[in-house]
Amino acid sequence: MNNFMTNADKLKLRTIITLSPYLVAITVPAFASPGEVVPADTKQAPSQIASASPRAGNKVRNEKQFLAEVSLPQLKQTVKRFDKKQVYQEETARQNAPQQIGSSRIEVVPPVNDQVVNQVDNTANHFIEMEQPPLKALISVSQYLSPFGLDSNLQEQISLRDVLLAAAGMNLDILRSFTNVQSQKWSYLNTLTSYLPSASLGLNEVGLNSTSALPVKAFASANAGGVTTTKTVIDTTLTVLNSGFSWKPIQGGKLLFTALAQKHRFKASKAQLKADISNTLLSAANTYYDLIYNETLLQIRTAAVAISEEQVRQNTSLESNGLATNLDILQAKTQLSKDRQRLIEQQGARRSAAIQLAHILNSNMGQDLLPADRTLRKIRLVSTDLTINDLLKTAIDNRPELKQYDELRQAAKKAIMISASSLLPTVSLGGNIIGLQSTIGRMNPTYLLNFGVTWKFDGLGTTALTNTETSRWQARQAMIDANKQLLNVLDEVRNSYNMTMTTNAAIDEATNGVISAAEELKLARMRLDNGLGTNIDVLTAQRDLTQARIDKAQALINFNKAQTQLLRDVGLISVDNATSGHLISKPKN
């Protein structure tokens, strides 16, 4: 044993050895051998914590060997031989070497083209196992209701594919859009009937009772002022039979352009139906992920309550042994009350998510929907080999909203021709057959055939001109709406693409946060048990661990939502694409 070290120095170094796996910074060189040049004021960065830990694979020398090899005079001599250039080279090499944080390996890649890329390989931890908490772990809000299902009367497990299929078949928004398609379809067929002639049939019974100079029947005579006048009285029933047709094949192009405009509206309604299906599938998937997230949070909150209850028991035990105070117990109970309150709120939030999902599916809200997927994991739907330009091109080719607004733009252009058709002549063709029969006698059928050309100018033509200009500006507005929708699509694709990148990186950070928070709580309890820490440190570590778990669950859900959003934004969302597990990637040549 080196005699240059006092008992206080030995105690200090012994404490450093014990806490070295958990300390954020170490103020002395870690396990320096005699003659090794290491600056005495060198500190370990947080990224070096695990590399100094036995869990990272480094062999920690035992205390006696360390005390035998290291002495304070040697450390002071090291400061005199400190070489800044050599330390800079060693620090640069250390930064370029693989590092480890917790159990996560990080490959630090040198900057390429002014870009820094961090490849984190902790995909093994990119999931959370979900377990439904036992009823006794939950807090009852009523003696008549289950603390888990609350107002529900039955439970049913449902997978993501089941959710999407049910939403596509029963969602009211989709059904409403489908009725609009059928309405536009029959409106289009109605415009085509305008090309057909109109037929007419008629039967009229006419009673005649009049006088006439026609010598049809001499009924009476009378004297009037010495002059004899003969009156002819007509008293008969007249039956008129008629049939005919009328046809206006040319109305200045109004018939043609009306049919074309309605055809474009019909196509726009079908594109709107596809857009509503895409939006409904996205909404259903996001709501399903919200249900998984809330159930995961319920599990986390239940675990937080269990940790707080254990802390209350430990503080009570320490207080009975004189190692803690009543203040420590009260602080632990306060934290327990907060955790129980958040657990109650989460029980209601989980049930609300199930009700919202049933609402979207147009199903019975009294049944409690449970996710069949019992693992919250990272799900990638779009391959990383697709660049942003590939995604933008795909979106332009497949987004139904662009098709919808383009059809509406073309319908607005046809409306210009409809307004201008009033300035052109109308050609009509018609014919009738008329037959008469009475008690007087029969008449041979009368045949009528007419051909006409009419040219009508309402308001001396100003009405048609103003309507045409109105239609022109409406067509201009429709074109602006189409361009605006194109910008919206490009905006959505870029935002969702960036969101997939950021949420993917957030999963790695959240996973590292859970690992470090668990170590923090472990160390806080160890320090408290040995009289080196405080109860506040433990409570803070508890909150950090709970929040880290929530952040990880949120990061996984955000990534899955971002992938679904990207799939919808490029116009490729469907039941199979969202659930089959096959990536949307570039076609192989």
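Residues numbered from 1 in each chain as written. Predicted model: local features only at pLDDT ≥ 70, side-chain atom pairs only at ≥ 80, totals over all residues. Heavy atoms only, no water.

Engineer: Sorry if this is basic, but what is going on with the overall build of the chain here?
Structural biologist: Scanning the chain from N- to C-terminus turns up 13 helices and twelve strands. By element, 55% of the accessible surface of the chain is carried by carbon and sulfur atoms, the whole surface being about 34,000 Å². (Helix = DSSP H or I, 4+ residues; strand = E, 2+ residues; numbered from the N terminus. Areas by Shrake-Rupley, 256 points an atom, 1.4 Å probe, with all protein chains shown as cover.)

Engineer: In this structure, what is going on with the side chain of Gln-542? I would like to understand it.
Structural biologist: If you trace the backbone, Gln-542 turns up in helix 12 (residues 535-569). Contacts of Gln-542, omitting those with residues within four sequence positions, involve Ile-307, Ser-308, Gln-311, Gln-335, Leu-521 and Arg-525. (Contact = heavy atoms within 4.5 Å.)

Engineer: Would you take a moment to explain unusual backbone geometry for this structure?
Structural biologist: Keep in mind that most residues, glycine aside, have a negative phi and that most peptide bonds are trans. Positioned with a positive phi, Asn-362 is a non-glycine residue whose angle comes to about 55 degrees. Position of Asn-362 relative to the elements: it lies in the loop between helix 8 (326-361) and strand 9 (367-371). With a phi angle near 55 degrees, Leu-460 is a residue other than glycine that sits in the positive phi range. Checked against the element boundaries, Leu-460 lands in the loop between strand 12 (446-454) and helix 11 (462-529).

Engineer: Explain a positive patch on the surface here, please?
Structural biologist: Together, Lys-263, Lys-267, Lys-270 and Lys-274 give the surface a local cluster of positive charge. Positionally, Lys-270 belongs in helix 7 (residues 254-320). A residue is classified by how much of its surface remains accessible, and Lys-270, at 39% relative accessible area, is partly exposed. (Patch = residues over 30% accessible without salt bridge, like charges linked within 9 Å, V, L, I, M, F, W, Y side chains within 5 Å. Salt bridge = Lys/Arg side-chain N within 4 Å of Asp/Glu carboxyl O. Lys, Arg positive; Asp, Glu negative; His and termini not counted. Charge placed at Lys NZ, Arg CZ, Asp CG, Glu CD. Buried < 20%, exposed > 50% of the residue type's maximum accessible area, 1.4 Å probe, protein only.)

Engineer: Sorry if this is basic, but what is going on with the pattern of salt bridges here?
Structural biologist: Where charged atoms from two side chains of opposite charge approach closely, those side chains can pair. Evaluated as defined, the whole model comprises 18 salt bridges. Two residues, Arg-161 and Asp-576, come together in a salt bridge whose shortest N-O distance is 3.1 Å. Taken as a pair, Arg-161 in helix 5 (residues 160-170) and Asp-576 in helix 13 (residues 575-579) lie far apart in primary sequence, 415 residues in all. For the salt bridge of Asp-569 with Arg-568, the shortest nitrogen-to-oxygen distance reads 2.8 Å. Residue Asp-569 shares its accessibility class with Arg-568, and that shared class is buried. Bridged by salt links that share partners, the residues Arg-399, Glu-401, Glu-492, Arg-568 and Asp-569 form one connected network.

Engineer: Would you mind going over the nonpolar core with me for this structure?
Structural biologist: Residues Leu-164, Tyr-288, Leu-361, Leu-376 and Leu-391 are the most contacted members of the largest nonpolar core, which totals 53 residues. Considering every element that reaches this core, the biggest residue donor is helix 7, with eleven residues. Grouped together as the second largest cluster of nonpolar side chains are twelve residues, Ala-517, Leu-528, Ala-541 and Ala-548 included. (Core = buried A, V, L, I, M, F, W, Y, C linked by side-chain atoms within 4.5 Å.)

Engineer: When you look at the packing of aromatic side chains in this model, what are you seeing that I'm missing?
Structural biologist: Remark: the centre distance and the inter-plane angle together describe each pair of aromatic rings, the angle taken between the planes. Using the criterion set out here, one finds three aromatic pairs in the structure. Considering the side-chain rings of Tyr-188 and Phe-266, the 6.4 Å spacing of their centres and the 10 degrees angle between planes classify their relative orientation as stacked. Linking Tyr-188 in helix 6 (residues 172-192) with Phe-266 in helix 7, this pair joins segments that are 78 residues apart in sequence. A relative accessible area of 18% places Tyr-188 in the buried class. Residue classification places Phe-266 among the buried positions, given a relative accessible area of 15%. Just above the ring of Phe-148 sits the side chain of Arg-350; from NZ or CZ to the centre is 4.0 Å. (Phe/Tyr/Trp six-rings, centres within 6.5 Å; stacked < 30°, edge-to-face > 60°. Lys NZ or Arg CZ within 6 Å of the ring centre and 35° of its normal.)

Engineer: Whenever I open this one, helix 9 (residues 388-398) confuses me. Can you help?
Structural biologist: An α-helix turns once every 3.6 residues. As a result, residues three or four positions apart point the same way. Where helix 9 is concerned, the buried positions are Ile-388, Leu-391, Leu-392 and Ala-395. Taken down its axis, helix 9 places every buried residue within 100 degrees of arc, on the same side. Opposite the buried face of helix 9, by more than 90 degrees, sit the exposed residues Asn-389, Lys-393 and Asp-397. The secondary structure elements touched by the buried residues of helix 9 are helix 10 (400-420), helix 11 and helix 12. (Arc of directions from axis to C-beta.)

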